[in-house]
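Tertiary structure, described
The lines below spell out each chain.
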Amino acid sequence: MRFLMFLLLSTVFLTGRVSAQSTRPFMTGVDANYSLDLEKAGKTWSAGERPGDLFAILHDAGGDTFRVRLWTGDEGVNGLNYATAVAKRAQAAGIKPYLVIFLSENWADLMKQPLPAIWKDLDEPAKLAAIEAYAQRVTKHFIDAGINIELFEIGNEIDFGICGVFEEAWPKRVSVDYMRAKIWPPMIPIILAAERGVKKAQPNAKFILHLAQWAKADWCTAFWQAMLAGGVQVDYAGLSYFPTSAGDEKERPLAFLHTQVDAIATALKKPVIVCESGYPSAAKFPGQFADWNKPVPGYSLDPAGQHKWIADFFSSARENQHLAGVFYWSPEWYASDMWSEFALFDSAGKAKPAMKSLAPAAVGSK
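Residues numbered from 1 in each chain as written. Predicted model: local features only at pLDDT ≥ 70, side-chain atom pairs only at ≥ 80, totals over all residues. Heavy atoms only, no water.

1. Brief notes about the pattern of salt bridges
Filter applied, for reference: Any Lys or Arg side-chain nitrogen found within 4 Å of a carboxyl oxygen on Asp or Glu counts as a salt bridge. Runs of H or I in DSSP of at least four residues are treated as helices and runs of E of at least two as strands, each being numbered from the N terminus. Exposed residues in this analysis have more than 50% of their type's maximum accessible area, buried residues have under 20%, and partly exposed residues fall in between, with area computed by a 1.4 Å probe over protein chains only.
Following the criterion strictly, the structure yields 14 salt bridges and no others. Notably, a salt bridge pairs arginine 180 with aspartate 177, separated by 3.5 Å at the nearest N-O pair. With arginine 180 and aspartate 177 both in helix 7 (residues 176–201), this residue pair falls three residues apart, about one helical turn. You can call aspartate 177 exposed: its relative accessible area is 60%. Between lysine 250 and aspartate 248 there is a salt bridge; the shortest N-O distance is 3.2 Å. Several salt bridges share partner residues, and in doing so they unite Asp31, Arg67, Arg69, Glu153 and Glu276 into one network.

2. Points about the packing of aromatic side chains
The test is simple: Here is the rule: rings of Phe, Tyr and Trp (six-membered ring for Trp) pair when centre to centre is within 6.5 Å. Planes less than 30 degrees apart are stacked, more than 60 are edge-to-face, and the remainder are tilted.
Within the structure shown, the criterion is met by 32 aromatic pairs. Residues tryptophan 71 and phenylalanine 102 carry aromatic rings whose centres are separated by 6.3 Å and whose planes lie at 70° to one another, so their mutual orientation is edge-to-face. With tryptophan 71 in the loop between strand 2 (65–70) and helix 4 (80–92) and phenylalanine 102 in the loop between strand 3 (96–101) and helix 5 (124–144), this residue pair connects regions lying 31 residues apart in the sequence. This pair shows no difference in class: tryptophan 71 is buried, exactly as phenylalanine 102 is. Geometrically, the ring pair formed by phenylalanine 289 and tryptophan 339 is edge-to-face, given 5.2 Å between the ring centres and 75° between the ring planes.

Spelled out as structure tokens, the structure:
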């Protein structure tokens, strides 16, 4: 019996695979931060005959964790007051919030990491002190507002920089040696300052560092190892995952993602979270994501294919012990042509079939 138990545990650690019947903590997540702005514009959402509360619909569909976007500044979309209202709505609907502290006054991602204007005139020690004070202030603000947040993501898609530290040249970006020597070292004090501030207000905080290059496990692992060596607390390795964006067909199947996740988790001894994911319900759409229309083999680019892919993705993620959660990005954002096909609601705000894909009972292919 002891040998069999040892064999099972060894298999789980090395492969991440367990029986689908096993149960464990797993975050079924959504990132629906356009919600309040869309409500203000008169948009509605329905999962039945009549419109209902979006947050309740997401909860009823299986969502249990909510990724809250926070930009510097108190006012405006994704500012502190807006993010607080989003977190309150999510928590009231039974969805636990986690906070993404962008350290930016606007979008920061794989392609840009601008320094907020409020910190541009500060020297390095003053900037780090300001970041620490800011992180402490916003964390305390959420706690004082009665919002139970224990999980924090410092930055967003910080592969090539954070908060003004950023490498523009692609050949340098893809060089681990260059990034390890020139870019990751000045990132570390910024992340440490933010973590210190958060922990002053929430001593039990756990942290995600989130990267976008899900198909480059070795590069990503080198990044997280550099952060850990610099004293950064990394409780979860976070990834963006949009398979229809992959130019290489070999990188699109779910099995490929799991090889990347398993390699990362085994090397780091840390669980992985997919912080952003999505699959379109059509092959043609305009805007900056127009070329994210490369089908995953076995999954059509239509509402049925979207339903099937999301169901299988969440199902396979729950079976991988190295994955601690998956978050669907902007399921509510049907009002924008560039994302409407990825959204889980149609142009009238009615739930697409894929809304039934998030919960464990979702029906997909195996």
